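Letter by letter, the chains look like this.
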Amino acid sequence: EPEVTQTPSHQVTQMGQEVILRCVPISNHLYFYWYRQILGQKVEFLVSFYNNEISEKSEIFDDQFSVERPDGSNFTLKIRSTKLEDSAMYFCASNPQGNQPQHFGDGTRLSIL
Amino acid sequence: GEDVEQSLFLSVREGDSSVINCTYTDSSSTYLYWYKQEPGAGLQLLTYIFSNMDMKQDQRLTVLLNKKDKHLSLRIADTQTGDSAIYFCAETNDYKLSFGAGTTVTVRA
């Protein structure tokens, strides 16, 4: 069964550095998402992306965050200048249409030192 | 904003049924979901229900939806040790998902 894949599985970065998290959504899916889960807290929506543009973003998704679909398969989340509070598990998800179930990757654990 | 609440822990004996409950506040939710997360793994879609349904059965899983009370439940029949995980309830009405905090289910022998 097709899967959403995320790399790396664990990323350790110094505070203030830029980080790029990568995702390969399921190939025939058109809608892409990023969520994050801070340890011990709820999974929170960050951003949705369709037709090469952001369709919705949360308050968390400030100017430090950006998303991109650089080619036909990858979907990336960039954090420009990381802060300690960015430490979390970041999940990518995709679905064929926006109102269909979202399929999640295994996540990238981001640790900011 | 949308709020989804779940009890945090459930302990169940192997072979018994598990029932995980969830309440939500958004009356315009269109779909409600159950996801399973095993240690170190991602969110696995277990099942979902459209808001105009009140029940859905899929093998050992039964989802009940009481839209009037905004209450969703997941029943797992004949619970096995492999069912030990965190179970997340989620709702959506506009593509993005709002999650509960997750219920940690522990299956004891």
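Please read all numbers here as calculations on a predicted model, not as lab measurements.

So, about the state of the cysteines. Taken as a whole and judged by the stated rule, the model has two disulfides over all chains. Residue Cys23 of chain A pairs covalently with Cys92 of chain A via a disulfide, S to S 1.9 Å. The S-S bond linking Cys23 of chain A to Cys92 of chain A shows a torsion near -65 degrees; that makes this disulfide left-handed. With a gap of 69 residues between them, Cys23 of chain A in strand E3 (residues 19–24) and Cys92 of chain A in strand E9 (residues 88–95) connect regions that are remote in the sequence. Residue Cys23 of chain A is classed as buried on the basis of its relative accessible area, which comes to 1%. Residue class for Cys92 of chain A comes out buried when judged on its relative accessible area of 0%. Note on cysteine connectivity: Cys22 of chain B is disulfide-linked to Cys89 of chain B, with sulfurs 2.0 Å apart. The S-S bond linking Cys22 of chain B to Cys89 of chain B shows a torsion near -65 degrees; that makes this disulfide left-handed. Of the two residues, Cys22 of chain B is situated in strand E3 (residues 18–24) and Cys89 of chain B in strand E9 (residues 85–94); the sequence distance between them amounts to 67 residues.

Our next topic: the nonpolar core. Membership of the largest hydrophobic core comes to 22 residues, with the highest contact counts inside it found for Trp34, Leu46, Phe61, Val67, Phe75, Leu77 and Tyr90 of chain A. Of all the elements in the fold, those that place two or more residues in this core are E3, strand E4 (31–37), strand E5 (43–50), strand E7 (65–68), strand E8 (75–79), E9 and strand E11 (108–112) of chain A. With 20 residues, the next largest nonpolar core counts Tyr24, Leu46, Ile49 and Leu61 of chain B among its residues.

What follows is about the packing of aromatic side chains. Where two aromatic rings form a pair, the distance of their centres and the angle of their planes describe that pair. Under the counting rule described, the total for this entry stands at 20 aromatic pairs over all chains. Measuring from ring centre to ring centre gives 6.0 Å for Tyr31 of chain B and Tyr48 of chain B, while their planes differ by 55 degrees; the resulting arrangement is tilted. A residue pair is termed long-range when its members are at least 10 positions apart, and Tyr31 of chain B in strand E4 (residues 31–37) and Tyr48 of chain B in strand E5 (residues 44–50) qualify at 17 residues. On the basis of relative accessible area, Tyr48 of chain B is assigned to the partly exposed category, the value being 29%. Grouped by ring-pair contacts, the aromatic residues Tyr33, Tyr35, Phe45, Phe91 and Phe104 of chain A together with Tyr31, Tyr33, Tyr35, Tyr48, Phe50, Phe88 and Phe99 of chain B constitute a single cluster. Above the face of the Tyr48 of chain B ring, Lys56 of chain B is positioned so that its terminal group lies 4.1 Å from the ring centre. The ring of Phe45 of chain A has Lys96 of chain B sitting right over it, with the charged end atom 6.0 Å from the ring centre.

Thresholds applied
- Residues numbered from 1 in each chain as written.
- Chains lettered and ligands numbered in written order.
- Predicted model: local features only at pLDDT ≥ 70, side-chain atom pairs only at ≥ 80, totals over all residues.
- Heavy atoms only, no water.
- Disulfide = S-S within 2.5 Å.
- Helix = DSSP H or I, 4+ residues; strand = E, 2+ residues; numbered from the N terminus.
- Buried < 20%, exposed > 50% of the residue type's maximum accessible area, 1.4 Å probe, protein only.
- Core = buried A, V, L, I, M, F, W, Y, C linked by side-chain atoms within 4.5 Å.
- Phe/Tyr/Trp six-rings, centres within 6.5 Å; stacked < 30°, edge-to-face > 60°.
- Lys NZ or Arg CZ within 6 Å of the ring centre and 35° of its normal.

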